[in-house]
Amino acid sequence: MNKKEIEKLEKNILKKDKSAFDYLNKKETSFAFSFAEKYKTFLDNAKTEREAVNEIIKRAEAKGFININNALKKKSLKSKKFYKIFKGKTVGLAVLGKKPVENGLNIIASHIDSPRLDLKQNPLYEDLDLVLMKTHYYGGIRKYQWLNVPLALHGTIIKADGGKLDINIGEDIEDPIFAVSDLLPHLAGKLQQNKKVSDVFEGEKLNILCGSVPLGDDKIKNRFKLGVLKLLYDKYGIREEDFVSAEIEAVPAAKARDIGFDRSMIGAYGQDDRICAFTALEALFALKSPSKSAMALFFDKEEIGSEGNTGAKSGFAEDFVLELLIVNREKPDYRTMRNSILNSQCISADVNAAMDPDFKEVHDKMNAAKLGAGICITKYTGARGKSGASDASAELIGKIIKLLNKNKVVWQTGELGKVDEGGGGTLGKFLAESGMDVLDCGPSLLSMHSPLEISSKADLYMTYKGYKSFFAPNK
Ligand code: MN
Ligand code: MN
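Residues numbered from 1 in each chain as written. Chains lettered and ligands numbered in written order. Predicted model: local features only at pLDDT ≥ 70, side-chain atom pairs only at ≥ 80, totals over all residues. Heavy atoms only, no water.

## A look at the coordination of the manganese ion (ligand 1)
Here is the rule we go by: For Na, K and Ca the donor cut-off is 3.2 Å, and for all other metals it is 2.8 Å, counting N, O and S atoms only; because water is absent from this set, sites may look incomplete. The classification of residues rests on relative accessible area computed with a 1.4 Å probe and restricted to protein chains. Under 20% of the type maximum is buried, over 50% is exposed, and intermediate values are partly exposed.
Within the protein, the atoms that donate to the manganese ion (ligand 1) are His111 (NE2), Asp272 (OD), Asp350 (OD) and Asp350 (OD), at distances of 2.1 to 2.4 Å. A relative accessible area of 3% means that Asp272 is categorised as buried.

## A short note on the pairing of strand β4 (residues 105–111)
This is how the line gets drawn: Each helix is a run of DSSP H or I of at least 4 residues and each strand a run of E of at least 2, with the numbering of both proceeding from the N terminus. Strands are treated as partners if at least two bridges between them are detected by DSSP.
Where burial is concerned, most of β4 is hidden: seven out of the seven residues are buried. Across the two faces of β4 the burial is the same, with Leu105, Ile107, Ala109 and His111 and Asn106, Ile108 and Ser110 all buried. Taken together, the four bridges between β4 and strand β14 (residues 345–348) define a ladder with parallel strand orientation. Considered in β14, the bridge of Ile107 is made with Cys346.

## As for the domain arrangement of the protein chain
Rule in force here: What marks off one domain from the next here is an automatic or database domain assignment. Residue contacts are counted whenever heavy atoms from the two residues lie within 4.5 Å of one another. Note: buried area is the sum, over both parts, of the accessible area (probe 1.4 Å) each one loses when the two are combined. Salt bridge, as applied in this entry: a Lys or Arg side-chain nitrogen positioned within 4 Å of an Asp or Glu carboxyl oxygen. Counted as a polar contact is a pair of N or O atoms within 3.5 Å, where, for protein atoms, one must be capable of donating a hydrogen and the other of accepting one, and residues adjacent in sequence contribute only when both atoms are in side chains. Each residue receives one of three labels: charged for Asp, Glu, Lys and Arg, nonpolar for Ala, Val, Leu, Ile, Met, Phe, Trp, Tyr, Cys and Pro, and polar for the others, Gly being one of them.
Looking at the assigned domains, one finds that the protein chain contains domain 1 (15–114 + 269–471) and domain 2 (116–252). For domain 1 and domain 2, the distance between their C-alpha centres works out to 33 Å. Taken together, the contact between domain 1 and domain 2 spans 17 residues of the former and 17 residues of the latter. For the pair domain 1 and domain 2, the two sides together bury roughly 1,400 Å², of which 47% comes from carbon and sulfur. Across the contact surface, domain 1 and domain 2 share four salt bridges. At the boundary of domain 1 with domain 2, the tally comes to eight residue pairs in polar contact (both at pLDDT 80 or more). Broken down by class, the residue content of the side of domain 1 that touches domain 2 amounts to three nonpolar, four polar and ten charged.

## Side note on a positive patch on the surface
The line we're drawing: Here the term patch refers to residues with relative accessible area over 30% and no salt bridge, with like charges joined within 9 Å and nonpolar side chains (Val, Leu, Ile, Met, Phe, Trp, Tyr) within 5 Å. Reported accessibility uses the Shrake-Rupley method at a 1.4 Å probe radius. Residues are deemed covered only where the shown protein chains occlude them. Charge counting treats Lys and Arg as positive and Asp and Glu as negative, with His and both chain ends excluded. By convention, the charge on Lys lies at NZ, on Arg at CZ, on Asp at CG and on Glu at CD.
Side chains of Lys11, Lys15, Lys16 and Lys18 sit close together on the surface and give a patch of like positive charge. Assignment of secondary structure puts Lys16 in the loop between α1 (3–13) and α2 (26–45).

## Side note on the pattern of salt bridges
Throughout the structure, instances matching the rule amount to 25 salt bridges. As a salt-bridge pair, Arg59 and Glu55 come within 2.9 Å of each other at their nearest N and O atoms. Within this pair, Arg59 and its partner Glu55 are both found in helix α3 (residues 49–62), separated by four residues, close to a single helical turn. Taken as a pair, Arg59 and Glu55 share a single burial class, namely buried.

Next comes the structure, spelled out in structure tokens:
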């Protein structure tokens, strides 16, 4: 073969590593950057699962989606767009297609919970004239990353009289913030130098500073704690016991920002997995009269194993499919519902780890995702011999790759770390238990699960484009 022939062959058969930025023309680049502005607003408005549900519903209603509970009561229906909320923490959106629901749906499932510090049920105490709150972290965190970070408190309190109170303190620039203090370097040496990181940072020491003004003189027991409790009682009417029936989450008190001289990246809390939630939502909004019905599911509790009634292990997806069968005047029986599920294909929309230039050693470079290299296809998650993985089929991956190529979506493939290095799971395996085809597919992040997760604007755009083509494969 001559040089020209070899070059041609090389172009033809060698797999290329791409930067998504290389494939963005001027128009797409400007779209991608303005899309990122909308994404940042979404992140700022949706820092907890409850806030994410509210934000998704607000946007869905503005796009003409109606609550399926209302639709079920009506005899005739004009709308083809529905949403279903469950317990204020999980939500699903659907657009009915021209074909029956029984023929299957195109489903994108993401999660809207993120790692954080949850207040314990008896959180308040005083020590050395300071008032602190005890926490139990939620999801997988590297504990030291949460020290010395400005924190905001978001949550819901059910008061003794049954009243419900939503709080959000620390986001407004005039608000106070909260923080977990850390040991100064001058005194950390002896205590910490020979300890493992996991021993240095103890979960029980992630206590949040929240006050220091006493009430009354030193004859009054717990007068510092009482000072804080009086403030809370005066402002919100809550008593100490009300913390027991509360869900208060401490999250980083910062807004989403651009990263880099070129503003090509986004730094923000909660991008795992709200980057997938946002792109799936926008992809569904862009869908016009599809052939197959489309569904976007937004689950809670993924970060603690998809447990509980608001997690993906619950029957939420099936309930929603059954209700869609009813509003679409199809048989709402078990067999039709099962057919609908078995004929569906699903993207488990979650993030993968982008290889960090400073920590390449935890990855197999040949099979790790890179930031900015497009949407990432993850055939399997899990750990140690694919344990806990759903392991998507070659047929499904082939179909998705064909679709992405056809729509000029830059994609890559990634594995979460080296074999035996560690690992993790997603919604994928729980959704696959229903029997439908499921593939993990989403952007990659740097600093995953930290207070400042980092994404690429090019990946954000490619993910949106990828999800859009999944919902409308014939376009
Ligand atoms: Mn995730
Ligand atoms: Mn996660």
